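The primary structure of each chain is shown beneath.
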Amino acid sequence: MKRYRRRRESGGLSLVIGILAVAAVTAGLFFGVRAVFGLFSGGAPAVSETPAPALEPSAPTPTPAATVALPDEEREASEYDLYRMEIRVDTKNNDLTCVQQVEWTNRTGAEAGEAVFRMYPNALTHGSDSPVANLDKVFPNGADTLGIEISRVLVGGAAVTWTLDGKLGTTLRVPFEEPLQDGASAEITISWSLRLPKGFYPLSYSATGIQAAWFYPVSAVFTEGKWALTDVAQSGAYPWYYPAADYEAVIRVVGDEYSLCSTGKAENVSKQGEETVYSVSASAARDFAFCVTGHEKSATQTTQSGVSILARAQYNDRSRDLASTAAKLVAFYEGYLGPFPGEELELVQTTLIGGTSVHAGLIMVDTALFSGKQAELDAQIAFAVARQWLGCSVGAGFADDRDLLIPMAQFMAYLYLDQTNSASADTALALPGAKTMKDLRTSIGTSRFDPALLSLCTERAGKKCTAEDFAALCGDSEAEVRRALGR
C-alpha cells in the first residue's frame, strides 16, 4: 500500500493555530495547542445540517499559543490517517468536549468529493431502535444522550456545510470545495460535544466512572469501490470495526479522584490546576477508547518481550490477578500470533452487563465476572486478550469479525486454557466458534493452520481481512478451509 507523508508548508503554523483556536472557542473548550503540538514531536433521506456560527470569545486568546513551534522533522511516513484530539472530560456533568483534527488521506482510488465519518453515539438516540440488546437493563433511565453534537467543521481552515444521513443519523459527510485527488490529504477539524448516558455500557457513566468507547467521528471503511455504511444494528449490537489510524490525544480530567486507562501509551502526565492532563499516542490502532475510573488499586507487569500490562480494579488481589493473567496470555499468544500489536495493554474493572468489552490496548472487565464462576472469568479474559490481535489489529468489518476473527479468538482462548487450566478449557470450548476452529486445525494439521494464523496476524495487521484471506494462506488446504468456514 502506498505510504503518504504529512506535508508541511511555509506559513502553515499560524494557519493551524488559527484553525484550532477558532474551533476551540466554538466548542466551548480551551484547546491546548501547546499540549498537542508541543508534547507530541447506516437509509432515511439526507438531512442537511448547517454548522453553527462561530461564537465570540469570552476572553482573550491565550498568548502562549502564538509562540508554539512545530517540530522540524515531519511525522514518519504512515499509511494511516492521523487523529489529533484534545478531549475534556467533565466528571461532574458526565460529558465530553473535543476538538478533533484529522489528517485525512483519500485512498479510494479516485477523486473524492467528500470524506465520510461514522458516529456511533447517534445510534443510541433512537429508543427501542437503538442497537443495544436488553436496552432497559443497559440504560435503566434510557439512553439519555443527544449523540455527538457538532458545532463546527473546517476543511483546510475554512468552514463547510456538513450533512448527516443514515437510518440512525450515524453518517457524517464532510464536503471538499474541490475534489480531492487520490493520494492527496486534507486537514479536517471537527468541534463536538457528547453527553454520556448513565448506564452499564462501554459508552456510559456509572458509579465506577466514565467509559468512552466508539465516542468520536471515525473515518468510514472504503472497500470494494464504495463506502461501507452498514447500519449499525446489523452488526450485532456493537459498532462497526474501523480502519486503523494513528492517534495523538490530550485528555483532560478534572479532579484527583480519577485515573485514566486508555488505548495507546501515555507519553506524559501532568497537573494543570484542577486538571490532570494525559498525553497519549497510539499507532495503527482501531477504536481509540478510554476509561476514567475511580478504582485506586492497580498492578503492573512487563512481559519478556517488553509489553507493559496495567490493571485497575476495586481490590488489590483483583488487579494483581488481572495483570498477571494478561501477561501470561500475551506471552503465550505471541508464539502463535506474532508480536503484541502495541506497547501497552490496560485492563480496568467496570460496570457492564456481562463479559468484557475489548478495544485496542484496553479491556473493560465487568464487575459481575469476579463474583461468578472462575472458569467464565478465565475464558472471557483469555478471549479478550486474543482479540487484541484478532479484531483490534487485523480486520475492519463486522462480517469478517463474525465469520473469522471472533471464532479464532475463541479458539485461542481454548488453546491457552487447554494447556494451562483444563478446568476452564471446557468453558472456552463451549464458545460458539471455538470448536469450529479446533476441528479445522485438527483436520488440516497444525503445520498448515498455525503458520497461516501467524501470517494473517502479521501480514494483515492494520488491514481488513476475511475468511477468504485466511483460507488462501492455508495453501493446499484452501478448499477445505473454505468449506469449514462456509465460504
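Going by the structure above, here's the rest.
Just so we're clear, the structure is a prediction, and the values are computed from it rather than from any experiment.

Chemist: Hey, could you run me through the nonpolar core in this one?
Modeler: Buried together is how nonpolar side chains tend to be arranged in soluble globular proteins. With 137 residues, the main nonpolar core has Phe215, Phe290, Tyr333, Leu390 and Phe470 as its most contacted residues. With 11 residues, the top contributor of residues to this core is helix α6 (residues 398–420). Contact partners of Phe215, with chain neighbours within four places excluded, come to Ile87, Leu96, Pro121, Ile148, Trp192, Leu194, Leu203, Phe288, Ala289 and Phe290.

Chemist: How should I be thinking about the pattern of salt bridges in this particular structure?
Modeler: Where charged atoms of side chains with opposite charge meet at close range, the side chains can pair. As enumerated under the stated definition, the model contains 17 salt bridges in all. Between Glu114 and Arg173 there is a salt bridge, and its shortest N-O distance comes to 2.7 Å. Placement of the pair is Glu114 in strand β4 (residues 112–118) and Arg173 in strand β8 (residues 171–180), with a sequence separation of 59 residues. You can call Arg173 buried: its relative accessible area is 19%. As a salt-bridge pair, Arg387 and Asp401 come within 2.8 Å of each other at their nearest N and O atoms. In this pair, Arg387 sits in the loop between α5 (374–386) and α6 while Asp401 sits in helix α6, placing the two residues 14 residues apart along the sequence.

Chemist: Just to check I follow, could you spell out helix α9 (residues 446–459) for this structure?
Modeler: Each turn of an α-helix holds 3.6 residues, which means side chains three or four residues apart point in the same direction. The first and last C-alpha atoms of α9 sit 19 Å apart over 14 residues, in line with the 20 Å expected at 1.5 Å per residue. Among all positions of α9, only Phe449, Asp450, Ala452, Leu453, Leu456 and Cys457 are buried. In a view along the axis of α9, the buried residues occupy a sector of 165 degrees, so they form one face of it. Contacts from the buried residues of α9 go to α4 (316–337), α6, α8 (434–444) and α10 (467–473).

Chemist: Is there a simple way to think about the environment of Thr351 in this case?
Modeler: Following the sequence through the fold, Thr351 ends up in the loop between β22 (344–350) and β23 (356–359). Taking the C-alpha atoms as reference points, Thr351 and Met364, 13 residues apart in sequence, are found 8.7 Å from one another. In this view, Thr351 contacts Gly199, Phe200, Tyr201, Ser206, Thr208, Gln211, Asp366 and Thr367; residues no more than four positions away in its chain are not counted.

Chemist: What's the story with the packing of aromatic side chains in this structure? I'm lost.
Modeler: Aromatic ring pairs are defined here through the distance separating the ring centres and the angle between the ring planes. Within this structure, the stated rule accounts for 22 aromatic pairs. Each ring, one from Phe332 and one from Tyr416, has its centre 5.2 Å from the other, and the planes form 75 degrees; the classification is edge-to-face. Here Phe332, found in helix α4, pairs with Tyr416, found in helix α6; they are 84 residues apart in sequence, far enough to count as distant. Neither Phe332 nor Tyr416 differs from the other in exposure class; each is buried. Here Phe411 and Phe449 contribute two aromatic rings whose centre-to-centre distance is 5.8 Å and whose plane-to-plane angle is 75 degrees, an arrangement assigned as edge-to-face. Within this pair, whereas Phe411 is found in helix α6, its partner Phe449 is found in helix α9, the two being separated by 38 residues in sequence. By relative accessible area, which is 2% here, Phe411 ends up buried. Judged by relative accessible area, which is 0%, Phe449 ranks as buried. Among the aromatic residues, those joined into a ring-pair cluster are Tyr83, Trp192, Phe215, Tyr216, Tyr247, Phe288 and Phe290.

Conventions and cut-offs
- Residues numbered from 1 in each chain as written.
- Predicted model: local features only at pLDDT ≥ 70, side-chain atom pairs only at ≥ 80, totals over all residues.
- Heavy atoms only, no water.
- Core = buried A, V, L, I, M, F, W, Y, C linked by side-chain atoms within 4.5 Å.
- Buried < 20%, exposed > 50% of the residue type's maximum accessible area, 1.4 Å probe, protein only.
- Helix = DSSP H or I, 4+ residues; strand = E, 2+ residues; numbered from the N terminus.
- Contact = heavy atoms within 4.5 Å.
- Salt bridge = Lys/Arg side-chain N within 4 Å of Asp/Glu carboxyl O.
- Expected span 1.5 Å × (residues − 1).
- Arc of directions from axis to C-beta.
- Phe/Tyr/Trp six-rings, centres within 6.5 Å; stacked < 30°, edge-to-face > 60°.

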